[in-house]
Amino acid sequence: MSNQFQHYQEIPRLADAHPKLSHIRYQYGTAGFRTLGSVLDSVLFRVGILAGLRSKKLDGKTIGVMVTASHNPEDDNGVKLVDPRGEMLEASWEAHASTLANAATTSDLIEAIEAIVRFAKIDLSKPARVVYGRDTRPSGPALVASLRDGLAAIRAEPRDAGIVTTPILHYLVRTINTKGTKDTYGDDSEEGYYEKLSGAFKRLVAGKQPLPPLIVDCANGVGADAISKISPQLGDSLKLIPHNTATSTPGALNNLCGADYVKTLQKLPPSLANHLKIGQRGCSFDGDADRLMYFYIDERNQFRMLDGDKIAALVAGFVVDLIKTAGLESDVKVGVVQTAYANGSSTKYLAERLPVRCVPTGVKHLHHAAERFDIGVYFEANGHGTVLFSTGTQETLAHHEPSTPAQSTALNHLLNLTQLINQSVGDAISDMLLVEVVLAHRLYSGLEWDSLYVDLPNRLVKVIVEDRHAFQTEDAERQLVSPKGLQGKIDDLVRRYDGGRSFVRPSGTEDVVRVYAEAAIKSQADELAFRVAGLVYDEAGGDPSSRPKEFL
Ligand code: G16
């Protein structure tokens with residue numbers, strides 16, 4: 001090791017204790033590294049080193065590390081880095097993460113570290129601070145131990161946030177880094193998070209008729225802990241009924257429950273079947289509580305899903321009305337960001353009212369696009385999302401002088417929304433409280449909310465292929481550029497379906513290619529999805545178990 005590393009003599013010894021598995025190539029993807037928990041030991045060690053380097057680069061600002069595989073099955077795990085304002089790791093550092101993770105030997109790793117230090121001009125004498133947390137997965141404690149070795153090797157000061165939701169970890173990063181500044185974001189503790197959200201919620205619903213109890217499917221994940229902690233603080237303002245709270249039952253996490261189950265299968269989790277009454281609202285989190293899906297059972301006993309698109313429509317409409325009522329219509333412009341997965345009806349509904357942008361899948365893309373609006377509402381159909389208020393907008397709200405009582409009330413609501421909404425990242429708990437606020441103000445049940453627009457029938461299918469990286473897209477993932485010729489075949493097929501739309505993209509979190517299709521009627525949406533999946537299979541030579549069987 002070169003001279004400047006004289007204080008980091010522990011790196012080789014600790015790196016030897018966390019050797020890379022030779023047959024695996026790791027990639028920092030849509031949501032960090034994500035694969036089987038059993039093959040992530042070396043990755044966690046190296047992420048510890050990288051987090052330390054990132055903190056040094058940013059003059060000792062605290063960096064976050066979250067150990068989670070979110071909606072994935074229990075055996076998977078993953079890790080992602082959080083930048084100082086609570087946002088996702090800057091894109092240019094994703095390549096550094098992949099480089100470190102793939103260094104074959106300890107000496108290759110040291111060379112890679114030295115190259116990053118040179119390239120990013122990192123002053124190693126700066127301090128490094130890292131806060132880390134994990135979800136409830138059984139592989140979590142061992143992976144956190146590997147991470148701690150990485151932090152020790154780079155002499156970073158660690159702070160253990162324990163078992164927390166992903167959004168709480170993001171909140172902690174932002175509050176730690178803004179502590180004592182004019183941008184202070186809240187108290188840098190888990191309790192501070194619950195107090196901030198519940199306080200804002202109670203102010204926003206004060207004087208409103210309390211809504212009937214809400215069933216919360218916690219996906220047998222860390223959201224269950226969070227719900228048990230925030231419920232007492234909400235008191236009578238909102239009664240939550242938690243289900244799927246078995247965080248220590250092996251195999252239960254995300255199994256037959258949770259936001260991804262609801263969205264993908266468009267079904268009620270079986271465990272709720274005898275609990276959700278007709279007309280009652282229910283919602284599902286995912287394994288790390290950063291996704292939210294709502295639902296209810298209608299009068300005909302049909303399951304009705306209220307996904308991220310419906311949340312965007314509900315919330316954007318409410319915010320726009322408050323801006324108008326507060327007399328700020330000409331000062332503050334609201335915009336919406338979606339992905340190609342957004343239901344065609346939602347895009348039509350929103351675009352008739354507001355500017356709407358479409359970006360590739362991945363919270364980081366939506367977040368950055370939303371930052372360009374004065375108020376940016378972003379939601380993925382799968383339930384990830386939040387609302388961002390630009391610094392300028394927050395100043396406008398702080399200094400606006402209302403001239404009527406109605407303006408004053410609307411302004412107060414907007415100010416409280418900036419406190420209720422977790423602006424560092426999409427957050428199932430904060431989003432759930434936001435939805436409940438809007439429902440209370442609008443006097444909406446699930447049915448009225450659902451009636452904002454009618455979803456086009458749609459279908460999501462996964463195809464397991466030999467190499468998902470062979471699939472490359474452009475135009476916000478709506479067009480395939482590789483494999484060559486496949487997009488033309490998809491277009492030909494789509495033309496045969498009334499209201500048809502379909503696209504294909506490689507997942508960034510699972511080893512699959514995803515196919516989305518929508519059409520005017522459900523059977524046609526299903527048929528289109530399976531036919532496109534068949535094309536993908538034929539093109540890429542997939543696993544026989546995933547060969548789409550229907551309609552071929
Ligand atoms: C992650 C990302 C989301 C993305 C989802 C699915 O969510 O944060 O932005 O929508 O993966 O991505 P893909 O289709 O590429 O697998 P999570 O909840 O799994 O962290």
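Residues numbered from 1 in each chain as written. Predicted model: local features only at pLDDT ≥ 70, side-chain atom pairs only at ≥ 80, totals over all residues. Heavy atoms only, no water.

Enumeration according to the criterion identifies 34 salt bridges in this entry. As a salt-bridge pair, Lys-179 and Asp-188 come within 3.3 Å of each other at their nearest N and O atoms. Since its relative accessible area comes to 53%, Lys-179 is described here as exposed. A salt bridge links Arg-281 to Glu-436, with the nearest nitrogen and oxygen atoms 2.6 Å apart. (Salt bridge = Lys/Arg side-chain N within 4 Å of Asp/Glu carboxyl O. Buried < 20%, exposed > 50% of the residue type's maximum accessible area, 1.4 Å probe, protein only.)

A separate point is the site of the ligand. Residues in close proximity to the ligand total 20 residues, the closest being Arg-34, Ser-70, His-71, Ser-507 and Thr-509. The separation between an oxygen atom of the ligand and a polar side-chain atom of Thr-30 is 3.4 Å. At 2.7 Å from an oxygen atom of the ligand is found a side-chain nitrogen or oxygen belonging to Arg-505. Here the ligand loses 98% of its free accessible area of 460 Å² to cover by the protein chains. Each residue belonging to the shell around the ligand can be placed in one class, and the counts come to 2 nonpolar, 10 polar and 8 charged. (Near = heavy atom within 4 Å. Polar contact = N/O pair within 3.5 Å; in protein donor to acceptor, adjacent residues only side chain to side chain. Areas by Shrake-Rupley, 256 points an atom, 1.4 Å probe, with all protein chains shown as cover. Nonpolar A, V, L, I, M, F, W, Y, C, P; charged D, E, K, R; others polar.)

Moving on: the domain arrangement of the protein chain. As far as domains go, the protein chain holds domain 1 (3-163), domain 2 (191-306), domain 3 (308-426) and domain 4 (458-551). Between domain 1 and domain 4, the C-alpha centre-to-centre distance is 34 Å. Facing 7 residues of domain 1, the contacting portion of domain 4 comprises 5 residues. Across the interface of domain 1 and domain 4, roughly 420 Å² is buried in total on both sides, 44% from carbon and sulfur atoms. Where domain 1 touches domain 4, the interface holds 0 salt bridges. For the pair domain 1 and domain 4, the interface holds 2 residue pairs in polar contact (both at pLDDT 80 or more). Looking at the side of domain 1 that touches domain 4 residue by residue, the class counts come to 1 nonpolar, 5 polar and 1 charged. (Domains from an automatic or database assignment. Contact = heavy atoms within 4.5 Å. Buried area = accessible area lost by both parts, 1.4 Å probe.)

Right, let's talk about the nonpolar core for a bit. Counting residues in each nonpolar core, the largest one holds 80 residues, and the members touching the most others are Phe-285, Leu-417, Met-432 and Leu-433. Sort the elements by how many residues they give to this core and helix α10 (residues 308-325) lands first, with 11 residues. Excluding anything up to four places from it in sequence, Phe-285 contacts Val-216, Asp-217, Ala-219, Gly-223, Ile-227, Gly-258, Ala-259, Arg-291, Leu-292, Ala-428, Ile-429 and Met-432. In this structure, Tyr-28, Leu-89, Ile-110 and Ala-153 belong to the second largest nonpolar core, which totals 49 residues. (Core = buried A, V, L, I, M, F, W, Y, C linked by side-chain atoms within 4.5 Å. Helix = DSSP H or I, 4+ residues; strand = E, 2+ residues; numbered from the N terminus.)

Along helix α11 (residues 344-351), the residues that are buried comprise Ser-345, Ser-346, Tyr-349 and Leu-350. Across the axial projection of α11, the buried residues extend over an arc of 125 degrees, all falling on one side. In the core, the buried residues of α11 are packed alongside α10, β11 (334-338) and β12 (356-358). N-cap assignment for α11: the residue whose side-chain oxygen lies 3.0 Å from the backbone N of Ser-345 is Asn-343. (Arc of directions from axis to C-beta.)

Where helix α13 (residues 391-399) contacts helix α14 (residues 405-420), the two axes come as close as 10 Å, and the packing angle between them is 140 degrees. Classified by the angle between their axes, α13 and α14 sit oblique to one another. Between α13 and α14 lies a crossing whose hand is left-handed. When α13 is examined against α14, the residues Gln-394, Leu-397 and Ala-398 are found in contact with a partner set consisting of Leu-411, Leu-414, Leu-415 and Thr-418. In terms of residue class, the contact of α13 with α14 is built from 5 nonpolar, 2 polar and no charged. (Axes fitted to C-alpha atoms, helices over the stretch in contact; angles between N-to-C directions. Parallel < 35°, antiparallel > 145°, perpendicular 65-115°, else oblique. Left-handed = near helix turned anticlockwise from the far one by under 90°.)

In this structure, His-400 sits in the loop between α13 and α14. Within the local environment of His-400, its side chain forms a polar contact with the backbone oxygen of Ala-326, the two atoms lying 2.8 Å apart. Residues contacting His-400, with those up to four places away along its chain left out, are Ala-326, Gly-327, Leu-328, Gln-407 and Leu-411.

Attention now goes to the UniProt feature "domain: Alpha-D-phosphohexomutase alpha/beta/alpha" (unreviewed entry) in the protein chain. The UniProt record marks residues 62-97 and 106-180 with the feature "domain: Alpha-D-phosphohexomutase alpha/beta/alpha" (unreviewed entry), using the residue numbering of this structure. Helix makes up 19% of residues 62-97 and strand makes up 36%, while its end C-alpha atoms are separated by 17 Å. Span residues 106-180 is 55% helix and 17% strand, its end C-alpha atoms 41 Å apart. (UniProt positions renumbered as here; feature names shortened; annotations may be inferred.)

Let's shift gears to the packing of aromatic side chains. Taken as a whole and assessed by the stated rule, the structure comprises 10 aromatic pairs. Aromatic side chains Tyr-294 and Trp-449 sit 5.2 Å apart centroid to centroid with 65 degrees between the ring planes, which places their arrangement in the edge-to-face category. On the criterion of sequence distance, the pair formed by Tyr-294 in strand β9 (residues 292-297) and Trp-449 in helix α16 (residues 446-450) is long-range, its members being 155 residues apart. With a relative accessible area of 1%, Tyr-294 lands in the buried category. By relative accessible area, which is 0% here, Trp-449 ends up buried. The interplanar angle of 90 degrees and the centroid separation of 5.9 Å between the aromatic rings of Tyr-341 and Tyr-516 together place this pair among those described as edge-to-face. Highlighted residues: Tyr-341 in the loop between β11 and α11 and Tyr-516 in strand β19 (residues 513-518), separated in sequence by 175 residues. Residue class for Tyr-341 comes out buried when judged on its relative accessible area of 11%. (Phe/Tyr/Trp six-rings, centres within 6.5 Å; stacked < 30°, edge-to-face > 60°.)

Following Ser-482, the chain continues to Pro-483 via a peptide bond in cis, the omega torsion being 0 degrees. Position of Pro-483 relative to the elements: it lies in the loop between β17 (479-482) and α17 (486-494). Its identity is not glycine, yet Asn-244 carries a phi of approximately 50 degrees, on the positive side. Structurally, Asn-244 is set in the loop between β7 (240-243) and α9 (259-265). A relative accessible area of 14% places Asn-244 in the buried class. You will see that Glu-477, though not glycine, has its phi angle at about 70 degrees, which is positive.

Taken from the UniProt record, the annotation "domain: Alpha-D-phosphohexomutase C-terminal" (unreviewed entry) applies to residues 460-533. End C-alpha to end C-alpha, residues 460-533 measures 10 Å, and it is 28% helix and 31% strand.

To continue, consider the packing of helix α2 (residues 41-57) against helix α3 (residues 91-102). In the contact formed by α2 and α3, the axes pass within 9 Å of each other and the chain directions differ by 140 degrees. In this structure, α2 crosses over α3, and the sense of that crossing is right-handed. Together, Val-43, Arg-46, Leu-50, Leu-53, Arg-54 and Lys-57 of α2 and Trp-93, His-96, Ala-97, Leu-100, Ala-101 and Asn-102 of α3 make up the contact between the two elements. When grouped by side-chain class, the residues that make up the contact of α2 with α3 number 7 nonpolar, 2 polar and 3 charged.

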